Amino acid sequence: MPVRTAIVGTGNRAQLFTEGLAKRDRYDVVALCDPNSVRMAFHNRMLLAAGRRTAHQWPPARFDEMLRVERIQLLIVTSVDATHNRYIEAALRAGVRVISEKPMTTDAAKATSILAAVRETGGSLSVAYNYRFNPVHRRVRSLLAEGAIGDIHSVHFEWMLDVSHGADYFRRWHRDKANSGGLMVHKASHHFDLVNWWLGAEPRIVYAQGQLAFYGPGQRHGYARPYARVHGAAEALDDPFALHLADNATLSELYLDAEAEDGYYRDRNVFAPGVTIEDDMAVLVSYNTGATMTYHLTAYSPSEGYRVMFNGSRGRLELNVEESTFTPPNRRVESAKGWVHGDLAAPTAGRTTITLRPLWEPPIDKTVPHDHTGHGGADARVLAALLDGEPTEGADIADARQAALALVTGLAANRSFETGLPVRTADVLTI
């Protein structure tokens, strides 16, 4: 019999799971749960288009009843980050296997409660850290594990979000730290998980500085225009920071058509009031292996991509990924999924290189193919691992403990932002 599956949270990212489940006969999506029936109807149309039956629609207030009545065996959690814990814990205590989008949750109290539920129930919780499944990242891990640079002493990691992708966090619910935990939790947990995984290490001490330097109200750069949200605002017509929902069929159906039910605007002015997250963050981390990491996240870069450098006793390993070399103004969202980033390769995408620099030897090119689509092919691979149990060479699924280790660096960084002091991860979260 097919696995009876429910999806809670039917926004943009949930499409990956609805589509993936609909392609697999061993799963039957029998229930959808969301505050907005218009978004649930969109996902039901996806199921119908794939030749599957529609799922019953449930409001969040009846979530526990849904688990029982629908006899759910697998729950997919793709709701607002701050709500993950409520659904994860209830499902685990009902004996349901859980797959959650990252981050696992947004604060230490919720993380502690989730870890307790996993421990007490012995249940299964997987967190979809898809970056582990990118071939480029797997290649880096294998080189480090093989001892290509010997003992790893330090890492420098710079991640640049451009003024399209980076701006998107300031248009939607992520702009409120109460919902997302800020970029240190929502976005950077990807990166912190990669470093934990690459090094086989656990973070111990975190010192960080963060600021809202570019987005939000009151900035002096002169980019801000006087409107609250894009749709219907004449001032937004040629604003390079505007997201025009009506120009993309999926964004229109998922959000513009759904506004009447819950009043949620997906296209807020990135310089409007209400931004409580940072856009420029610097972090210093020490690990239990003795390695250190310097990390910087910029959410208003002219280009998109990242650079990671590892320094070891036998040399240096360098990863450089240019997801876009520059960002054209007023670029339309071309993705059929309505994704601003991650689905399609940018038309300005550049090089990906992996360079090994041994001591006393010429550099060695260790680059593997990377096409930038579907998060470098990681989305399809993480689905295969999560839903089919397919082993992926050099990658593994993050469990609750690993997800907590990815989360705690960001939580400690947020605390350090507030106190101006180094923070021991053990003082934030017991893992």
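Each value, and the rule that gives it
Residues numbered from 1 in each chain as written. Predicted model: local features only at pLDDT ≥ 70, side-chain atom pairs only at ≥ 80, totals over all residues. Heavy atoms only, no water. Helix = DSSP H or I, 4+ residues; strand = E, 2+ residues; numbered from the N terminus. Buried < 20%, exposed > 50% of the residue type's maximum accessible area, 1.4 Å probe, protein only. Contact = heavy atoms within 4.5 Å. Areas by Shrake-Rupley, 256 points an atom, 1.4 Å probe, with all protein chains shown as cover. Lys, Arg positive; Asp, Glu negative; His and termini not counted. Charge placed at Lys NZ, Arg CZ, Asp CG, Glu CD. Domains from an automatic or database assignment. Buried area = accessible area lost by both parts, 1.4 Å probe. Salt bridge = Lys/Arg side-chain N within 4 Å of Asp/Glu carboxyl O. Polar contact = N/O pair within 3.5 Å; in protein donor to acceptor, adjacent residues only side chain to side chain. UniProt positions renumbered as here; feature names shortened; annotations may be inferred.

Colleague: With reference to specific residues and values, describe the overall build of the chain.
Modeller: Each helix and strand counted, the chain has 14 helices and 16 strands in total. Counting only C-alpha atoms, the chain reaches 65 × 55 × 45 Å along its principal axes. For the chain, the residues scored as buried account for 58% of the 431 residues in total. By sequence separation, contacts in the chain at least 24 residues apart represent 75% of the contacts at least 6 residues apart. Per element, the accessible surface of the chain, about 17200 Å² overall, is 51% carbon and sulfur. Positive and negative side-chain charges in the chain, numbering 46 and 50 respectively, have mean positions lying 3 Å apart.

Colleague: For the domain arrangement of the chain, give the residues involved together with the corresponding values.
Modeller: Segmenting the chain into domains produces domain 1 (3–127) and domain 2 (131–215 + 275–375 + 398–427). Look at where the C-alpha atoms of domain 1 and domain 2 centre, and you get two points 27 Å apart. Tallying the contact residues gives 21 residues for domain 1 and 22 residues for domain 2. For the pair domain 1 and domain 2, the summed buried surface comes to about 1600 Å²; carbon and sulfur atoms form 61% of the total. Three residues stand out in domain 1 for area buried against domain 2, namely Val-80, Lys-102 and Thr-106, and they jointly supply 27% of the buried area on that side. Joining domain 1 to domain 2, the criterion identifies one salt bridge. The tally of links from domain 1 across to domain 2 stands at seven residue pairs in polar contact (both at pLDDT 80 or more). Secondary structure elements with two or more residues in the side of domain 1 that touches domain 2: α1 (14–22), α5 (108–121) and β6 (125–128).

Colleague: Report on the UniProt feature "domain: Gfo/Idh/MocA-like oxidoreductase N-terminal" (unreviewed entry) in the chain, specifying residues and quantitative values.
Modeller: Within the UniProt annotation, "domain: Gfo/Idh/MocA-like oxidoreductase N-terminal" (unreviewed entry) is assigned to residues 4–129. The distance separating the terminal C-alpha atoms of residues 4–129 is 23 Å; by composition the span is 42% helix and 22% strand.

Colleague: Can you break down the side chain of Lys-102 residue by residue, with the values?
Modeller: Counting through the fold element by element, Lys-102 comes out in the loop between β5 (97–101) and α5. Glu-101 provides the closest opposite charge to the buried, unpaired Lys-102, separated from it by 5.6 Å. Reaching out from Lys-102, the side chain makes a polar contact with the backbone oxygen of His-186 at a distance of 2.4 Å. Among residues more than four places away in sequence, those in contact with Lys-102 are Asp-81, His-84, Val-127, Ala-128, Tyr-129, His-186, Lys-187, Ser-189 and His-190.

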